[in-house]
Amino acid sequence: MKHFIIITNRGKDPELEVTGQVEGFLTRHGCSCSVYSEERSSGEWVDLPEERKADGILVLGGDGTLLKAAAGASRAGIPVLGINLGTMGYLAEVERANLDQALEKLVQGTYAVEERMMLSGQVIRQGEVLEDTCALNDITITRNGHLQMLYFQIFVNEKLLKEYHADGIILATPTGSTGYNMSAGGPIVEPGARLILLTPICPHTLQTRSVILRAEDGISIRIRERDGRERQHMEVCFDGSRNLSLCPGDEVRISRSPRVTPIIKLSEASFLEVLHRKLSE
């Protein structure tokens, strides 16, 4: 690897201390770097021809920063390495304490690249596509505003699965199983798997289990208006950053995306070993 894009979360590295450490190491080893702030992580650099030839993207921050960078990385097909400056950091595998050792492996080519499954989500209103985007972690529907129960229907391959009264619903990839899905009581899945997790958020029912679907399944969430009730205020969110308000009659269609996010893996530790360490912290 010879040219790298470095994406930094300025909130977690305000003085660019770690960014300078990474850039200095790579420069000393004959590599070139371009540094961007998190706000541009999925934007400007993707459209620059010279940057689309980069060998790797180094993301300094937490999992949220990496998720924002994943949008551009999947479009350009450039592998991503997360350097954790946050807390848990399931996606960002490199810790600050072993940064130099990790960068040494990187420049020596001692790594593997995993292709992580993504979700494609469309928001349909009166036959018009309002949003069509991808997510590496999850697509969620939650209330927007004051406390109220939401009402929607879930269809899988055009057949009704269940009508939910709940605070929301999470559709997650295996990579996203350790995110909001885990916090809502959903199962943790090995990130290399190919499936879709459906987890209700605080459902008003005694049946609170997640549903695990095939990666090939097509999912439709239809927003229903309840007669005589106050209008529901809800929104759909893609990877925790792209939000869009929903109205009664809207439909959110979710399926496996043809795009993947290539993730650089330096550690030989298995997912279960990493999970054990993270859950013990």
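Parameters at a glance
Residues numbered from 1 in each chain as written. Predicted model: local features only at pLDDT ≥ 70, side-chain atom pairs only at ≥ 80, totals over all residues. Heavy atoms only, no water. Core = buried A, V, L, I, M, F, W, Y, C linked by side-chain atoms within 4.5 Å. Buried < 20%, exposed > 50% of the residue type's maximum accessible area, 1.4 Å probe, protein only. Contact = heavy atoms within 4.5 Å. Axes fitted to C-alpha atoms, helices over the stretch in contact; angles between N-to-C directions. Helix = DSSP H or I, 4+ residues; strand = E, 2+ residues; numbered from the N terminus. Left-handed = near helix turned anticlockwise from the far one by under 90°. Nonpolar A, V, L, I, M, F, W, Y, C, P; charged D, E, K, R; others polar. Pairing = 2+ DSSP bridges. Polar contact = N/O pair within 3.5 Å; in protein donor to acceptor, adjacent residues only side chain to side chain.

1. A look at the nonpolar core
Then, in step 1: Ile141, Ile169, Leu171, Ile221 and Val236 are the most contacted members of the largest nonpolar core, which has 27 residues in total.
Then, in step 2: Setting aside anything within four residues of it in sequence, one finds Val236 in contact with Val123, Ile139, Thr140, Ile141, Arg242, Asn243, Leu244, Leu246 and Val252.
Then, in step 3: Membership of the second largest hydrophobic core comes to 21 residues, among which are Leu67, Ala70, Leu136 and Ile263.

2. Structural notes on the packing of helix H1 (residues 17–28) against helix H3 (residues 99–108)
Then, in step 1: The contact between H1 and H3 brings their axes to 10 Å, and the two run at 35 degrees. Between H1 and H3 lies a crossing of right-handed hand. Across the interface between the two elements, Val18, Gln21, Val22, Phe25 and Leu26 from H1 touch Leu99, Asp100, Leu103, Glu104 and Val107 from H3.
Then, in step 2: Here the contact of H1 with H3 is built from residues that sort into seven nonpolar, one polar and two charged.

3. Digging into the pairing of strand S7 (residues 128–135)
Then, in step 1: In the sheet, strand S6 (residues 112–125) pairs with S7 via seven bridges, with the strands oriented antiparallel. Of the residues in S7, the one forming a bridge with Val123 is Glu131.

4. Describing unusual backbone geometry
Then, in step 1: The phi torsion at Glu158 lies on the positive side, around 70 degrees, for a residue other than glycine.
Then, in step 2: Assignment of secondary structure puts Glu158 in the loop between strand S9 (150–156) and strand S10 (159–166).
Then, in step 3: Unlike most non-glycine residues, Asp239 shows phi in positive territory, near 55 degrees.
Then, in step 4: When you line up the elements, Asp239 lands in the loop between strand S15 (234–238) and strand S16 (242–246).

5. Details of the side chain of Thr261
Then, in step 1: Relative to the elements of secondary structure, Thr261 occurs in strand S17 (residues 251–265).
Then, in step 2: Once you skip the residues sitting within four places of it in the chain, Thr261 turns out to touch Ala70, Ser74, Glu114, Glu115, Arg116, Met118 and Leu136.

6. A word on the side chain of Arg116
Then, in step 1: Structurally, Arg116 is set in strand S6.
Then, in step 2: A distance of 3.2 Å separates a polar atom in the side chain of Arg116 from a polar atom in the side chain of Thr175.

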